[in-house]
Amino acid sequence: QQPVQSPQAVILREGEDAVINCSSSKALYSVHWYRQKHGEAPIFLMILLKGGEQKGHDKISASFNEKKQQSSLYLTASQLSYSGTYFCGTDPNSNFGNEKLTFGTGTRLTIIP
Amino acid sequence: DAMVIQNPRYQVTQFGKPVTLSCSQTLNHNVMYWYQQKSSQAPKLLFHYYDKDFNNEADTPDNFQSRRPNTSFCFLDIRSPGLGDAAMYLCATSRDPGGRSGEQYFGPGTRLTVT
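About the criteria used
Residues numbered from 1 in each chain as written. Chains lettered and ligands numbered in written order. Predicted model: local features only at pLDDT ≥ 70, side-chain atom pairs only at ≥ 80, totals over all residues. Heavy atoms only, no water. Helix = DSSP H or I, 4+ residues; strand = E, 2+ residues; numbered from the N terminus. Buried < 20%, exposed > 50% of the residue type's maximum accessible area, 1.4 Å probe, protein only. Lys, Arg positive; Asp, Glu negative; His and termini not counted. Charge placed at Lys NZ, Arg CZ, Asp CG, Glu CD. Disulfide = S-S within 2.5 Å. Core = buried A, V, L, I, M, F, W, Y, C linked by side-chain atoms within 4.5 Å. Pairing = 2+ DSSP bridges. Axes fitted to C-alpha atoms, helices over the stretch in contact; angles between N-to-C directions.

Enquirer: Tell me about the overall build of chain B, and name the residues and values.
Expert: Scanning chain B from N- to C-terminus turns up zero helices and eleven strands. The order of α-helices and β-strands along chain B, N terminus first, is β-β-β-β-β-β-β-β-β-β-β. Reported as C-alpha extents along the three principal axes, the dimensions of chain B are approximately 40 × 35 × 30 Å. The proportion of buried residues among the 115 residues of chain B is 53%. Mean positive and mean negative side-chain charge positions of chain B (11 and 10 charges, respectively) differ by 5 Å.

Enquirer: Residue-level account of unusual backbone geometry, with values.
Expert: Note that the residue after S6 of chain A, namely P7 of chain A, is joined by a cis bond; omega there is -5°. Tracing the sequence through the fold places P7 of chain A in the loop between strand 1 (4–6) and strand 2 (9–13). At S40 of chain B, a residue that is not glycine, the phi angle is positive and equals roughly 60°. Tracing the backbone through its elements, the reader meets S40 of chain B in the loop between strand 4 (31–37) and strand 5 (44–50). By relative accessible area, S40 of chain B is classed as exposed at 66%.

Enquirer: Could you give an account of the state of the cysteines, naming the residues involved and the relevant values?
Expert: Residues and elements named next belong to chain B. Scanning the model with the defined rule gives two disulfides over all chains in all. Between the sulfur of C23 and that of C91 lies a disulfide, 1.9 Å long from S to S. Sign of the S-S torsion, about -75° for the bond between C23 and C91, identifies this disulfide as left-handed. In this pair, C23 sits in strand 3 (residues 19–25) while C91 sits in strand 9 (residues 87–94), placing the two residues 68 residues apart along the sequence. Neither C23 nor C91 differs from the other in exposure class; each is buried. Cysteine C74 is unpaired, with the sulfur of C91 as its nearest cysteine sulfur at 6.0 Å.

Enquirer: Account for the nonpolar core, with residues named and values stated.
Expert: W33, M46, L73, L75, Y82, Y86 and L109 of chain A are the most contacted members of the largest nonpolar core, which totals 20 residues. Elements supplying a minimum of two residues to this core: strand 3 (18–23), strand 4 (28–36), strand 5 (43–49), strand 7 (60–65), strand 8 (70–75), strand 9 (84–92) and strand 11 (107–112) of chain A. Membership of the second largest hydrophobic core comes to 18 residues, among which are V4, L46, Y49 and L112 of chain B.

Enquirer: How would you explain the sheet that holds strand 3 of chain B if you had to name every residue and give the values?
Expert: Residues and elements named next belong to chain B. If you trace the four strands from one edge of the open sheet to the other, you get 1-3-8-7, paired in antiparallel fashion. Lying at the two open borders of the sheet, with one neighbouring strand each, are strand 1 (4–7) and strand 7 (64–67). Looking at each pair of strands side by side, their axes are set apart by 20° on average, direction ignored. As paired elements, strand 1 and strand 3 share four bridges and run antiparallel to each other. Within strand 3, the residue paired with V4 across the bridge is Q25.

Written out as structure tokens, the structure reads:
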């Protein structure tokens, strides 16, 4: 089943913070986050692995709670370049050799000046 | 410096006329994926190759086939395109399957129009 993201869409002013949530009905081994601008390919942001680790770089960070089967992406002091649709991609705790990502429902983020 | 290349970028085909989309990579990654993405939706995995091992998603229509003749190239064949197959087709690669070791690198996509 497809992971559910919330919110579906959000509009922020430049400099404001945002949180995007991803919730799965399946146990997870890892969570990916990608950003896709209109008409372009998804671009990788980060991976989080089982263990509840929190990762980040610059002003974008994320957390992963495998017990709750949830991940959150945190965007701090948003910039115009952050606009796009954000997808989580989840990898269930499956056997080696048949792993694959199921992408979430997506969150459209619009940053306005 | 292109890493994942897809050709053509835009493809128009007629209803029922077979079409082939191609993907090549310069990353020497052992995994290649094909996704279908319809407007305002998430990419949906059609199938993937781990080296030469082909993995088909259960809900991928039989109309969709794939070939991977070598590490660098992968093809998506749509045998009899229907209007519902109009979409962006994304090719991606990764060093290892899923999220175990690294990110997926996406190509720019081929936008398929069916008339």
